[in-house]
Amino acid sequence: MRDSQVDMNISMLGVAVVGAMVGSISVAQAQTSTSANNEGPILGARAVNATAGFTIKNAAGSVRLIGWDYDSIVVRGRVATGERFSFVGDKAAMKIGMYSQDAGTPPRPSHFVIYLPKRSSVTPTTVTGDLFATDVSGIFTSVSGTIQIRGSATSIEAESINGSVDIDVAAPWVHARTGQGHLLIRGTPQDVDAATIGGTLDVASPAILRGRFTSVSGDIHYAGQPAWGGIFEFSNHSGAVDFLLPRATSARLELSSVVGLIENGFDRIRPVAAGPHSLRINLGRGDAQITARTFKGVIRLRPE
Amino acid sequence: MQPRMSGPTEAGATTDDVGRIDDVVRRAQQGDVQAFELLYRSHAPAVLTLCRRMLGDEQLARELVQDVFVHAWERLTSFRGQSALATWLHRLAVNVVLEHLRSSKRDALRLIEDPDEEAFGGRAFDGQIDARMDIDSAVAQLPGGARAVFVLHDIQGYSHDEIAQMTGIAPGTARAQLFRARRALTRLLDL
Amino acid sequence: MNTPRHLTEEDRHAVADGTLDSQRATDVAAHLAECESCTADVARLRKLMRRLHAEPVTTSASPATLDDMWPGIRARIERSKVVPLAPANTASTSTVVSDRAATVRRRSLWLTASLAAAAVVFIILERVPRDVAPEDTAVGSGGTPMSVVAESSRVYEQEANTLLNDLELQRSLLRPQTAAAIDHDLHIIDQAIAELKDAIAHDPNNPALRRLLASSYRQKVELLKRAGLSG
């Protein structure tokens, strides 16, 4: 059984190859003002498959994941004093991070920057630690840490109990959840399923083609031009649903609330049907379809 | 990486929607794989043709057709019958292809973002000129980004604004790519 | 004498497309009458468009091609239905595999339970007809709308209790702040569910209420699943 403490399974040749790549990254980092010194020493490095899977765990501190075009993984970082860092697995799957932390004691923060293949899949988990990812796909989980995802991905699943989730990606599929945290969806995701319990949900993306946005008591804000042919569903119990749409928007809207009010700012357009708790209105050619329903939350439709 | 099944979405379609969703679709939405296969066999030819035209590569087109139908299976519960299923699948296929082009290093939509790329002119002039060449063969020789815009506009009928929205490029860039694609085709087809 | 400027690329393609706006049409036509070069170029483009529209659009695929592609699609669909357990493996990955298997089994439990609960949600919406006229109180084969909702709620509560029991077993493993956050969110959702059920009791034929109730149930199931994975 291999020693789990800083367990590197690379040959000397691998060290040389990886070292050259790390050197080039260090140059790039200098250009982007993030020096290798700030990221810490190399804790682990090895060649992996382009589509390898990585399970990453760090209760406290931070995990930064950066997708790159090499079939290798390099982990830089600083491990908290007294904590044990794991780097085990093979070319197809690896487990990285802090796995031996005692759940009964507050974890000491460790910080990692992990470079891995863009086509790999990651499953990082933190408790209070923050998760940052660029150009990677995977399932991101935190209890109260912030999750921030950028770049391109094939699919993103991000869930936090009450941390904030900030997604600005180009991806076919995004699934995002938080309880009381702030959930922000930007970029060009195409199929989005996002929900909060009480946190605010902000959506500002013109590329979403299928969107489902839900909250129980948090407010939902949608701003911008809905994509042609897009289908959007908004559901809220007591929180508000706010639409801030350009006047040139082309969409069919069906807004309804059981006891909440509907406020319509497109007062120059005759609605198809309107009442204090419901509104059906066609903007432009009605290319997108937007449905919003609340129990008692107010629904506001306003032009930009 | 396949997204996890998140369970059925709200199946709260209105009566009008229900009327527009035929029985096979409904059964497929409820998880009937045999019903989904019927939908696949009915719609796969059109999806394959679209993918083949946009990609110019038969093998890659077949791979993405599989992706399209796997995505369709995962998202079928969100289909409410407001459009024909063929239209819905068509749009899904376009998105899958565009996503592939974005993520591919070889043939990326970055060619659209950079309309002055050398690859366009080089490939166009390298294309084999054959009076008997059909449109599909000629289109296959276009660079990826220009081919995608040409197929979306001149074959599938999307407007420049729609293409801009789908691809994330400016409408002016989409027009420029279309014009270059047409120029290349006139040379390839010896018109 | 000034050399006439040639047509812009935009104009040439618009002429070939037949999309030239009326304001430009007169000027363009006048230029084409005098410019052989532009006329020839537009003719080439028009020939391309004619050929494009004249060639048959083939959308066929042989049965063999469809047969070739289907097994891959089917396999991926079937895989997506079941969370795989990692196979037994060599010593170098045993730790990875055993931990992943434990995580996957835990996810599997939550996924199974959440799918069951989600199925209950589906039942709520499917068994109550969507457009029952206000005066029509006899609903299909499921009894009255209220009895159907009540029955489905009971089934849901049973499934949710299973998830809650599992959460209680793990509560000692949760950090106090985490447990407090989960309890807070559960309270918010349970309040919403209670309000919706009360509203349904007064307006049982309201499909919007059923949809909102289904949404709240789903939120609760998902929260319990997230809570289970946070231990």
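Here the structure is a predicted model, which means the values were calculated and not measured.

**Some remarks on the overall build of chain B**
Assigned secondary structure in chain B consists of 11 helices and 0 strands. When its helices and strands are written in sequence order, chain B yields α-α-α-α-α-α-α-α-α-α-α. Taking all 191 residues of chain B together, 58% fall into the buried category. Within chain B, contacts between residues separated by at least 24 positions form 67% of all contacts whose residues are at least 6 apart in sequence. Entry remark: accessible area of chain B is about 7,500 Å², with carbon and sulfur atoms responsible for 48%.

**Section: the overall build of chain C**
A count of helices and strands for chain C gives 8 helices and 0 strands. Shown N-terminal to C-terminal, the secondary structure of chain C runs as helices and strands in the order α-α-α-α-α-α-α-α. Taking the intrachain contacts of chain C between residues at least 6 apart in sequence as the baseline, contacts between residues at least 24 apart amount to 66%. As displayed, chain C has an accessible area near 12,000 Å², and 56% of this comes from carbon and sulfur atoms.

**Comments concerning the nonpolar core**
Counting residues in each nonpolar core, the largest one holds 69 residues, and the members touching the most others are Phe36(B), Met54(B), Phe69(B) and Phe150(B). If you tally residues by element for this core, the top one is helix α3 (residues 33–55) of chain B, at 12 residues. Other than its neighbours up to four places away in sequence, Phe69(B) contacts Phe36(B), Leu39(B), Tyr40(B), His43(B), Ala44(B), Val47(B), Leu89(B) and Ile73(C). In terms of nonpolar packing, the next biggest core, distinct from the first, is built from 61 residues, Val63(A), Ala158(A), Ala171(A) and Ala292(A) among them.

**Description of the environment of Trp88(B)**
By the secondary structure assignment, Trp88(B) is in helix α5 (residues 85–103). For the pair Trp88(B) and Ala72(B), spaced 16 residues apart in the sequence, the C-alpha separation amounts to 9.0 Å.

**Some words on helix α3 (residues 36–54) of chain C**
For α3(C), spanning 19 residues, the distance from its first C-alpha to its last is 26 Å, which sits close to the expected 27 Å at 1.5 Å a residue. Among the residues of α3(C), Cys38(C), Asp41(C), Val42(C), Leu45(C), Leu48(C), Met49(C) and Leu52(C) are the ones counted as buried. Projected down its long axis, α3(C) carries its buried residues within an arc of 110 degrees, all on one side. In this structure, α3(C) carries Glu36(C), Arg50(C) and Ala54(C) as exposed residues pointing more than 90 degrees from its buried face. On its buried side, α3(C) packs onto α8 (135–140), α9 (144–155) and α11 (171–188) of chain B together with α1 (9–17) and α2 (22–34) of chain C.

**Here we look at the packing of aromatic side chains**
Under the criterion given, the structure shown has 15 aromatic pairs over all chains. Ring centres of Tyr222(A) and Phe234(A) lie 5.8 Å apart, and the angle between their planes is 80 degrees; this geometry places the pair in the edge-to-face category. With a gap of 12 residues between them, Tyr222(A) in strand β17 (residues 220–223) and Phe234(A) in strand β18 (residues 231–236) connect regions that are remote in the sequence. According to the relative accessible area criterion, Phe234(A) is buried, its value standing at 1%. Taken together, a centroid distance of 6.3 Å and an interplanar angle of 40 degrees make the contact between Phe36(B) and Trp70(C) tilted.

**What about the interface of chain A and chain B?**
Contact residues are listed per partner, giving 29 residues for chain A and 18 residues for chain B. Summed over both sides, the interface of chain A with chain B buries roughly 2,200 Å², with 45% coming from carbon and sulfur. At the surface where chain A touches chain B, the tally comes to 1 salt bridge. Here chain A and chain B share 3 residue pairs in polar contact (both at pLDDT 80 or more) between them. Breaking the side of chain A that touches chain B down by element, the ones donating at least two residues are β10 (137–142), β12 (156–160), β13 (165–178), β14 (183–196), β16 (210–215), β18 and β24 (288–294) of chain A.

**Here's the deal with the pairing of strand β25 (residues 299–303) of chain A**
All names here are of chain A. With burial as the criterion, only one face of β25 is covered, namely that bearing Ile299, Leu301 and Pro303; the residues Arg300 and Arg302 on the opposite face remain uncovered. Pairing of strand β19 (residues 241–245) with β25 involves 5 bridges; the strand directions are parallel. Across the sheet, residue valine 241 finds its bridge partner in β25, namely isoleucine 299.

**So, the packing of α9(B) against α3(C)**
Put simply, α9(B) and α3(C) touch, their axes get as near as 12 Å, and they point 75 degrees apart. Here α9(B) is positioned roughly perpendicular relative to α3(C), judged by the angle of their axes. Facing α9(B), whose interface residues are Phe150(B), Asp154(B) and Ile155(B), α3(C) presents Met49(C), Leu52(C) and His53(C). Among the residues making up the contact of α9(B) with α3(C), the classes are represented as 4 nonpolar, 1 polar and 1 charged.

**What to know about the pairing of strand β8 (residues 121–126) of chain A**
Put simply, side chains in a regular strand alternate between the two faces of the sheet. All names here are of chain A. Residues Val122, Pro124 and Thr126 point to one face of β8 and are all buried, whereas Ser121, Thr123 and Thr125, pointing to the other face, are not buried. In this structure, strand β2 (residues 53–57) lies alongside β8, joined through 5 bridges in parallel fashion. When the bridges of β8 are listed, lysine 57 appears paired with threonine 125.

**Overview of the pattern of salt bridges**
Throughout the structure, instances matching the rule amount to 33 salt bridges over all chains. Residues Asp32(B) and Arg27(B) are paired through a salt bridge, measuring 3.1 Å at the closest nitrogen-oxygen approach. Asp32(B) sits in the partly exposed class, given a relative accessible area of 25%. In this structure, a network of salt bridges that share partners links the residues Arg183(B), Glu9(C), Arg12(C), Asp41(C) and Arg44(C).

**Overview of the state of the cysteines**
One pass over the full model with this rule turns up 0 disulfides over all chains. Cys35(C) takes part in no disulfide bond, and the closest cysteine sulfur to it belongs to Cys38(C), at a distance of 3.5 Å.

**Details of unusual backbone geometry**
The phi dihedral of Asp135(A) is positive, around 60 degrees, even though this residue is not glycine. Tracing the sequence through the fold places Asp135(A) in the loop between β9 (130–134) and β10.

**Observations concerning the confidence of the model for chain B**
Residue and element names in this part refer to chain B. The pLDDT averaged across chain B works out to 73; a share of 72% of its residues lies at or above 70. Mean pLDDT in chain B bottoms out at helix α7 (residues 118–126), which sits at 36, and peaks at helix α4 (residues 58–75), which reaches 91. Counting contacts from residues 1–20, a segment whose pLDDT is below 50, to residues more than four positions away or on other chains yields 54 contacts. Considering only residues more than four positions removed or in separate chains, one finds that residues 105–132, a stretch of pLDDT under 50, has 57 contacts.

**Brief notes about the packing of α3(B) against α9(B)**
All names here are of chain B. Their axes nearest at 7 Å, the elements α3 and α9 cross at an angle of 135 degrees. When the axes of α3 and α9 are compared, the pair comes out oblique. On α9, the residues that touch Leu50, Arg53, Met54 and Leu55 of α3 are Arg147, Ala148, Val151, Leu152 and Ile155. Of the residues assigned to the contact of α3 with α9, the class counts are 7 nonpolar, no polar and 2 charged.

Cut-offs used in this document
Throughout this description, residue numbers start from 1 for each chain and increase along the sequence as written. All chains are assigned letters beginning with A, and all ligands numbers beginning with 1, in the order in which they are written. Local features in a predicted model are, by the rule used here, given only for residues with pLDDT of at least 70; side-chain atom pairs are given and counted only at 80 or more, and totals for whole chains, interfaces and linings are based on all residues. Note: side-chain values were computed over all heavy atoms of the structure, leaving out hydrogens and water. Counting from the N terminus, the helices are the DSSP runs of H or I reaching at least four residues and the strands are the DSSP runs of E reaching at least two. Remark: exposure states derive from per-residue accessible area (1.4 Å probe, protein chains only) relative to the maximum for the residue type, with buried under 20%, exposed over 50%, and partly exposed in between. The contact criterion used is simple: two residues touch if any of their non-hydrogen atoms lie within 4.5 Å. For the area figures, the Shrake-Rupley method with a 1.4 Å probe applies, and any residue is considered shielded solely by the protein chains shown. By convention a nonpolar core is built from buried Ala, Val, Leu, Ile, Met, Phe, Trp, Tyr and Cys residues, the set being connected through side-chain atoms within 4.5 Å. By this rule, a helix spans an expected 1.5 Å times one less than how many residues it contains. What the arc covers is the set of directions going from the helix axis to the C-beta atoms. Two aromatic rings from Phe, Tyr or Trp, using only the six-membered ring of Trp, form a pair when their centres are within 6.5 Å; if the ring planes differ by under 30 degrees the pair is stacked, by over 60 it is edge-to-face, and anything between is tilted. A quick way to say it: buried area is the sum, across both parts, of accessible area lost when two parts are put together, with a 1.4 Å probe. Salt-bridge detection follows one rule: a side-chain nitrogen of Lys or Arg within 4 Å of a carboxyl oxygen of Asp or Glu. Polar contact criterion, stated in full: a pair of N or O atoms within 3.5 Å, where within protein one must be able to donate a hydrogen and the other to accept it, and residues adjacent in sequence count only if both atoms are side-chain atoms. Here, strands pair whenever DSSP counts at least two bridges between them. Under this scheme, a helix contributes an axis fitted over its contacting stretch, all axes are lines through C-alpha atoms, and angles between N-to-C directions fall in the 0 to 180 degree range. Working rule for angles: under 35 degrees goes down as roughly parallel, over 145 as roughly antiparallel, 65 to 115 as roughly perpendicular, anything else as oblique. Classification convention: Asp, Glu, Lys, Arg as charged; Ala, Val, Leu, Ile, Met, Phe, Trp, Tyr, Cys, Pro as nonpolar; all other residues, Gly among them, as polar. Cysteine sulfur pairs qualify as disulfides if the two atoms are within 2.5 Å. In predicted models, pLDDT denotes the confidence assigned by the predictor to each residue on a 0 to 100 scale.

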